[in-house]
Amino acid sequence: MEVFEGAEFVRLRSLEHGTYLHAAEDGRGVLLDPRGASPHAAWAVQPEQSASGRGGVGLHRRVTARVLLRGVYGRYLGAADPGGGGGPLLLLHPCRRLGAGQRDRGEREAARAVMWRAVATASGAGVVLLHDAHGRFLRANWKRLPCRSGVSVGDGGSTGPTMKWAVEVIPSKHGHPELPLAGEPDWVKFLDGACPALAGLCRWAAAASQQREIRWVLAGGAGGGDIREEDWASFQYSGRSAILLRSKLAHLTRQFRGLTLFIRAGRHGQLAPLVTDLPRSRERLDIVVVRDTSLAADQLIFPDVDKETKEPAKEGILL
């Protein structure tokens, strides 16, 4: 795990294509994109220790250092379980079986599905293979598969350049980034002048297609460690605007001096501050509301995505 040691945030650049691994805007997929200066290209590094071996008295248990990589929507980089836990459709569909994506962390036992180990290569400092707990490697396919997914997992039978990733450390900073302003696509504004009735219909259809349940809770003074499951409430929300969501939650909580919103992806997922608009989906989001005066909000750090890599990453672990 040395390549990730001391890093809070990283980018993963495909050595084959020169593009970056992005958390897709649908909130579930991952893809390759040329933009490195994007919150979707930033992955938070969460160290994890996993034990292997039979254990017991007098028996040796080997502890392997792995990391979890958390994307902009709080979900973790991972792929489907090889056993086909997703049902018959997952087994029959090669894209879904092999494709990498963003996963929740609902149960502690499921953490193995999102654990990664960096394996050193001979391609230079910071260039590694990413090996998951099921023995598979992360692979940048681009458009070579019949699937539209640009990233998948595969075995190590051929560790070519598509499996090599340059780990770039992103400098961290204090101070919450400005949330994107609520706006509309240019084509909707054009329709306002050309055909107002059609523009109104498009707005209605867009709002209906992006309506979702927001499940939320106001954290206590500690800022998230004292959340009880029975304290959660919910409401229906239309659209993707994070600014409008924060405004609505400010009225619901009667906290008007400043709030920070966090996404919790699964019961055991680590809280991730919301820094961009909501995913393009109707899937429920769990939001933890934290007062800006809390200790948790004061200690927050964010990836400075507009800055270049701070320093070359270290080598990975040799097999």
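Reading guide: rules and limits
Residues numbered from 1 in each chain as written. Predicted model: local features only at pLDDT ≥ 70, side-chain atom pairs only at ≥ 80, totals over all residues. Heavy atoms only, no water. Helix = DSSP H or I, 4+ residues; strand = E, 2+ residues; numbered from the N terminus. Buried < 20%, exposed > 50% of the residue type's maximum accessible area, 1.4 Å probe, protein only. Contact = heavy atoms within 4.5 Å. Lys, Arg positive; Asp, Glu negative; His and termini not counted. Salt bridge = Lys/Arg side-chain N within 4 Å of Asp/Glu carboxyl O. Pairing = 2+ DSSP bridges. Axes fitted to C-alpha atoms, helices over the stretch in contact; angles between N-to-C directions. Phe/Tyr/Trp six-rings, centres within 6.5 Å; stacked < 30°, edge-to-face > 60°. Lys NZ or Arg CZ within 6 Å of the ring centre and 35° of its normal. pLDDT = per-residue confidence, 0-100. Core = buried A, V, L, I, M, F, W, Y, C linked by side-chain atoms within 4.5 Å.

Chemist: Please provide a residue-by-residue account of the overall build of the protein chain, values included.
Modeler: Secondary structure assignment for the protein chain yields six helices and 19 strands. Across the 319 residues in the protein chain, those meeting the buried criterion constitute 48%. Considering only contacts in the protein chain between residues 6 or more positions apart, those separated by 24 or more positions represent 67%.

Chemist: Mind laying out the side chain of Asp277, listing which residues take part and the relevant values?
Modeler: Along the chain, Asp277 turns up in the loop between β17 (272-273) and β18 (285-291). It turns out Asp277 is buried and unbridged, and the closest side chain with the opposite charge, Arg240, is 5.2 Å from it. Once you skip the residues sitting within four places of it in the chain, Asp277 turns out to touch Tyr73, Pro180, Arg240, Ser241 and Ala242.

Chemist: Give me the sheet that holds strand β16 (residues 259-263): which residues, what numbers.
Modeler: Spatially, the five strands line up as an open sheet ordered β15-β14-β18-β16-β17, and their pairing is mixed. Of all the strands in the sheet, just β15 (233-237) and β17 have a single pairing partner and so form its edges. Here five bridges tie strand β14 (residues 212-218) to β18, and the two strands are oriented parallel to one another. Bridging across to β18, Ile214 finds its partner in Leu285. Against the sheet, helix α5 (residues 242-253) engages β14, β15, β16 and β18, with an angle of about 110° to β16.

Chemist: So, the packing of aromatic side chains: which residues are in play, and what are the values?
Modeler: One pass over the full model with this rule turns up zero aromatic pairs. We note Arg215 situated over the ring of Trp232; from NZ or CZ to the ring centre the distance is 4.3 Å. Over the ring of Phe235 we find Lys248, and its NZ or CZ is 5.0 Å from the ring centre.

Chemist: Before we move on, can you summarise the confidence of the model for the protein chain with the specific residues and values?
Modeler: Summary statistics for the protein chain give a mean pLDDT of 80 and a share of 73% for residues scoring 70 or more. Predicted confidence is poor over residues 54-63, with pLDDT under 50, and the contacts of this stretch with residues over four places away or in other chains come to 13 contacts. In this model, residues 86-92 is a region of pLDDT below 50 whose contacts with residues beyond four sequence positions or in other chains number six contacts.

Chemist: I'd love a proper account of the pairing of strand β6 (residues 76-79), names of residues and values included.
Modeler: The two faces of β6 match: Tyr76 and Gly78 on one face and Leu77 and Ala79 on the other face are all buried. Summarising the sheet, β6 and strand β7 (residues 100-103) pair through four bridges and their orientation is antiparallel. From the neighbouring strand, Gly78 faces β7, where its bridge partner is Gly101.

Chemist: Explain the nonpolar core to me, and be specific about the residues and the numbers.
Modeler: Membership of the largest hydrophobic core comes to 56 residues, with the highest contact counts inside it found for Phe4, Leu69, Leu138, Leu245 and Ile287. The element best represented in this core is β18, accounting for five residues.

Chemist: Describe the pattern of salt bridges, with residues and values.
Modeler: Counting across every chain of the model gives 17 salt bridges. In this structure, Asp104 engages Arg75 in a salt bridge whose closest nitrogen and oxygen atoms are separated by 2.9 Å. With Asp104 in the loop between β7 and β8 (115-120) and Arg75 in the loop between β5 (62-70) and β6, the pair connects residues that are 29 residues apart, well separated along the chain. Residue Arg75 is classed as buried on the basis of its relative accessible area, which comes to 5%. With its nearest N and O atoms 3.3 Å apart, the salt bridge here joins Glu229 to Arg215. Here the residue Glu229 occupies a position in the loop between β14 and β15, and Arg215 occupies one in strand β14, the gap between them amounting to 14 residues. By relative accessible area, which is 17% here, Arg215 ends up buried. Through salt bridges with shared partners, one network takes in Arg215, Glu229, Arg264, Arg284 and Asp286.

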